[in-house]
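For reference, the chains in residue letters:
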Amino acid sequence: MTMCKSSLHLRAASSRAAEQMFEQVLWSVVFPLLAACVVLGVVCYPRILARHMWLCRAAVVVAIVIAVVGSFFFSVGWPTWPPPQKWHGLPWLVMAIGSIGLIDACLPRGEWAGRVVLSIAAGLAAAWLLPLPDRLAITTGVIVGGAGLLTSLLEMPEQRSSLNIGGWAAATAMSMLALIANQVTLSLLAGAVAATCAATWVVGRILCGRMSRGGGAGGLVLGSVIAVIGLTAWSYDYDIVPQWAWLAAGAGFPLACMLEIGALKRWNGFIAASVRAIVLSTPPIIVVAIQFETVKGAMSG
Amino acid sequence: MYKIMLVSVVAMGGLLGAVASQETPAAKVETWKIDPVHSSTLFRIQHAGAGRFWGRFNDVSGTVDWPRDNAAAPGFDVTVAVESVDSGNANLDGHLKSPDFFNAREFETMTFTSTGGERVDDTHWKVTGELTLLGVTKPATAVIEFTGLRGNPVLAKAGWEAVFEINRSDFGMTWGVDRGALSDDVQIIVALEGGIEPGG
């Protein structure tokens with residue numbers, strides 16, 4: 001009888017814990033994702049608005065910013081200024097990068113010089129707004145600006161749905177690594193970005209006629225935001241996650257640049273998109289596969 | 001002869017009376033160095049609206065200014081190394097050290113510096129002071145129990161136990177408060193043993 005009672009209590013406690021985990025994910029990932037989807041739908045669905053390519057690209061930028069800032073709000077609260085802790089500069093930085101990303105969305109496709117300038121601006125914003133522990137501001141700036149430049153240039157030739165998939169894979173890997181490093185809030189933030197990338201891809205498929213012409217993957221914002229979250233989680237990690245894993249989680253973007261050189265740049269169609277998606281996703285998938293057992297262990301805390 | 005004896009007794013009595021009526025000089029305030037081996041800091045918090053779990057910090061240091069006659073409130077200057085958090089579960093320790101909770105990478109210590117105190121009874125004091133956690137300093141009150149004194153003027157040990165009740169969200173530690181994953185109110189119990197050593 002006593003055994004039966006304690007087993008019932010145990011089951012009730014574990015179901016309460018599962019309920020709370022579900023609630024945390026619901027508030028910090030699903031609700032920001034829904035808000036992001038509303039923005040994408042409202043901007044990209046009406047034919048008149050979707051005719052403007054820059055507007056659809058800007059919608060993706062706004063969706064990513066909403067996902068990150070919304071997730072931060074549900075996990076931590078309103079961002080305050082000045083940030084009381086160094087990592088609380090993250091939502092401010094994401095909003096600053098979002099503003100830069102809106103300009104990026106308005107630039108003509110071939111305007112690479114402007115994109116370099118905007119990436120430098122994103123790097124400077126990162127160096128100022130995110131003074132991470134044990135990391136030089138210049139390192140933060142170079143990594144964030146560099147990541148932004150990569151995704152901005154990768155998006156430039158034409159709408160690459162593969163970039164959505166690459167963003168989803170990289171953000172998912174960052175989310176899992178942050179969880180292994182015992183940083184639940186940062187894990188949820190990366191989860192919100194991953195979900196938004198997936199939603200952008202899905203919305204792009206649903207509204208294929210409109211999105212494929214005018215849509216995007218977030219350009220500069222996609223790479224910068226993933227780098228910001230990954231770099232923050234890495235800085236607060238007590239060497240639980242191996243350094244190669246943090247680097248490999250974002251390695252798909254520089255690898256994919258090889259497919260933008262010479263004749264490969266003009267390679268289009270289903271097979272080309274699939275190859276690009278595979279190149280973008282393989283490094284983060286390898287990271288997830290190798291670290292999967294550790295993730296299961298991390299859940300026990 | 002009887003008269004001389006009587007005068008002597010009266011004079012002795014007067015002298016003794018004068019000595020007895022003189023106030024005992026107050027003991028001087030000494031600085032007691034906290035013994036990290038025999039001092040502990042524990043915290044208690046409610047998890048998931050169900051059980052209360054305990055954790056501890058293994059590294060406590062600082063000083064206590066206190067007179068041996070317990071005539072004045074002890075003055076505390078205590079530092080706890082946040083990285084020494086120990087819940088008995090390595091993953092949970094990692095989460096407690098993360099930015100979600102103590103953010104040990106940025107804020108290596110939490111400190112309490114007392115500013116005053118009032119006596120409750122022979123062994124208890126209500127001590128007020130400033131508690132710094134996550135870089136945020138707030139006034140805090142602790143009930144202090146004087147637990148004992150042993151030794152001699154040269155070598156001595158004294159003990160105190162302080163109980164704090166705080167709301168962690170006041171210091172910016174908000175993880176899990178809104179959705180009741182962890183309670184906002186935390187009890188912190190600091191058991192200190194201070195020592196005086198020659199030349200110390």
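Everything discussed here concerns the structure shown above.
Residues numbered from 1 in each chain as written. Chains lettered and ligands numbered in written order. Predicted model: local features only at pLDDT ≥ 70, side-chain atom pairs only at ≥ 80, totals over all residues. Heavy atoms only, no water.

Overview of the overall build of chain A
Basically, it comes down to this: Per the convention used, a helix needs a DSSP run of H or I reaching at least four residues, while a strand needs a run of E reaching at least two, with both numbered from the N terminus. When a residue's accessible area, from a 1.4 Å probe over protein chains only, is under 20% of the maximum for its type it is buried; when over 50% it is exposed; and in between it is partly exposed. Only heavy atoms enter the contact rule, under which two residues are in contact if any of them lie within 4.5 Å.
The number of helices and strands found in chain A is 13 helices and zero strands. Each helix (α) and strand (β) of chain A, taken in turn from the N terminus, gives the series α-α-α-α-α-α-α-α-α-α-α-α-α. The 301 residues of chain A split such that 52% are buried. The long-range fraction of contacts in chain A, counting pairs at least 24 apart against all pairs at least 6 apart in sequence, stands at 78%.

A word on the pairing of strand S2 (residues 40–46) of chain B
All names here are of chain B. Rules: Following DSSP output, two strands are said to pair if at least two bridges run between them.
What you see with S2 is a clean split: Thr 41, Phe 43 and Ile 45 sit on the buried side and Ser 40, Leu 42, Arg 44 and Gln 46 on the side with no burial. Pairing geometry for S2 and strand S11 (residues 185–196), over five bridges, is antiparallel. Bridging from a neighbouring strand, Thr 41 pairs with Val 190 of S11. Here S2 pairs with strand S3 (residues 52–57) via six bridges, running antiparallel. Of the residues in S3, the one forming a bridge with Arg 44 is Trp 54. Turn length for the S2-S3 hairpin, with the two strands adjacent in sequence and antiparallel, is five residues, and the turn residue Ala 48 shows positive phi of about 55°.

Focus on the packing of helix H3 (residues 53–75) of chain A against helix H8 (residues 184–206) of chain A
All names here are of chain A. Stated formally: Helix axes are fitted to C-alpha atoms over the stretch in contact, other axes to C-alpha atoms as well, and angles between N-to-C directions run from 0 to 180 degrees. Any angle from 65 to 115 degrees is called roughly perpendicular, while one under 35 is roughly parallel, one over 145 is roughly antiparallel, and all others are oblique. Working rule for handedness: look at the near helix, and if it is turned counterclockwise from the far one by less than a right angle, call the crossing left-handed; if clockwise, right-handed. Under the convention adopted here, Pro, Cys and the residues Ala, Val, Leu, Ile, Met, Phe, Trp and Tyr are nonpolar, Asp, Glu, Lys and Arg are charged, and Gly plus all remaining residues are polar.
At their nearest, the axes of H3 and H8 sit 9 Å apart, and the two run at 150° to each other. As far as their axial angle goes, H8 and H3 are roughly antiparallel. Crossing handedness for the pair H3 and H8: right-handed. Contacts from Val 60, Ala 63, Ile 64, Ala 67, Val 68, Ser 71, Phe 72 and Ser 75 of H3 reach H8 at Thr 185, Leu 188, Leu 189, Ala 192, Val 193, Thr 196 and Thr 200. Its residues placed into classes, the contact of H3 with H8 shows 10 nonpolar, five polar and no charged.

What to know about the pattern of salt bridges
So the rule is basically this: Whenever a carboxyl oxygen of Asp or Glu lies within 4 Å of a side-chain nitrogen of Lys or Arg, that contact is scored as a salt bridge.
Scanning all chains against the criterion turns up five salt bridges over all chains. A salt bridge links Asp104(A) to Arg115(A), with the shortest nitrogen-to-oxygen separation between them at 3.0 Å. Placement of the pair is Asp104(A) in helix H4 (residues 90–106) and Arg115(A) in helix H5 (residues 112–129), with a sequence separation of 11 residues. Take Asp104(A) and Arg115(A): they sit in the same class, and that class is buried. In this structure, Asp35(B) engages Lys157(B) in a salt bridge whose closest nitrogen and oxygen atoms are separated by 3.6 Å. Residue Asp35(B) is located in the loop between strand S1 (29–34) and S2, and its partner Lys157(B) is located in strand S10 (residues 156–167); the two are separated by 122 residues in the primary sequence. Judged by relative accessible area, Asp35(B) falls into the buried class, the value being 13%. The class for Lys157(B) is partly exposed, based on a relative accessible area of 35%. Linked by salt bridges that have partners in common, Asp35(B), Lys157(B) and Glu193(B) make up one network.

Comments concerning a nonpolar patch on the surface
To keep things clear, this is the line we draw: The residues that make up patches have over 30% relative accessible area and no salt bridge, and they are joined within 9 Å when like-charged or within 5 Å when they are Val, Leu, Ile, Met, Phe, Trp or Tyr. Only the protein chains shown count as covering a residue, and every accessible area follows the Shrake-Rupley method with a 1.4 Å probe.
On the surface, a nonpolar cluster with roughly 470 Å² of combined accessible area is contributed by Met21(A), Val25(A), Trp27(A), Val30(A), Phe31(A) and Leu34(A). Within the secondary structure, Phe31(A) sits in helix H1 (residues 2–44).

Some words on the interface of chain B and chain A
To be explicit about the condition: Defined in terms of a 1.4 Å probe, buried area is the accessible area two parts forfeit on being brought together, summed over both. Any pair of N or O atoms that falls within 3.5 Å is considered a polar contact. Within protein, one atom must be able to donate a hydrogen and the other to accept it, and sequence-neighbouring residues count only if both atoms are side-chain atoms.
Chain B puts 23 residues into the contact, and the matching count from chain A is 26 residues. With both sides pooled, the region where chain B packs onto chain A buries about 2200 Å², and carbon together with sulfur makes up 47% of that total. Where chain B packs against chain A, one counts 12 residue pairs in polar contact (both at pLDDT 80 or more). Residue composition of the side of chain B that touches chain A, by class: eight nonpolar, nine polar and six charged.

What to know about the pairing of strand S7 (residues 109–119) of chain B
Residue and element names in this part refer to chain B. With five bridges joining them, strand S5 (residues 75–81) and S7 adopt antiparallel strand pairing. If you follow Val 80 over to S7, its bridge partner there is Met 110. Between S7 and strand S8 (residues 124–133), which follow one another and run antiparallel, lie four residues.

Comments concerning the packing of aromatic side chains
Two aromatic rings, taken as a pair, are described by how far apart their centres are and by the angle between their planes. Quick reminder of the rule: Pairing of aromatic side chains requires ring centres within 6.5 Å, counting the rings of Phe and Tyr and the six-membered ring of Trp. Pairs whose planes differ by under 30 degrees are stacked, by over 60 edge-to-face, and all others tilted. By definition, being over a ring means that NZ of Lys or CZ of Arg is both within 6 Å of the ring centre and within 35 degrees of the ring normal.
A complete count under the given rule lists 16 aromatic pairs over all chains for this structure. Seen from their ring centres, Trp81(A) and Trp92(A) are 5.6 Å apart, and the 80° between their planes marks the pair as edge-to-face. Taken together, the residues Trp81(A) in the loop between H3 and H4 and Trp92(A) in helix H4 connect sequence positions 11 residues apart. Residue classification places Trp92(A) among the partly exposed residues on the basis of a relative accessible area of 27%. Aromatic side chains Trp32(B) and Trp160(B) sit 6.3 Å apart centroid to centroid with 80° between the ring planes, which places their arrangement in the edge-to-face category. Highlighted residues: Trp32(B) in strand S1 and Trp160(B) in strand S10, separated in sequence by 128 residues. One exposure class covers both Trp32(B) and Trp160(B), and it is buried. Between the NZ or CZ atom of Arg135(A) and the centre of the ring of Trp234(A), over which it lies, the distance is 4.9 Å.

A word on unusual backbone geometry
At the junction of Trp81(A) and Pro82(A), the peptide bond is cis and its omega measures out at -5° in the coordinates. Tracing the backbone shows Pro82(A) in the loop between H3 and H4. Its identity as a non-glycine residue notwithstanding, Asn182(A) has a phi of 65°, on the positive side. Among the structural elements, Asn182(A) can be located in the loop between helix H7 (161–180) and H8. On the basis of relative accessible area, Asn182(A) is assigned to the buried category, the value being 5%. Positive phi is not limited to glycine here, since Ala48(B) has a value of about 55°. Note on placement: Ala48(B) falls in the loop between S2 and S3. Overall, Ala48(B) belongs to the buried group, its relative accessible area being 5%.

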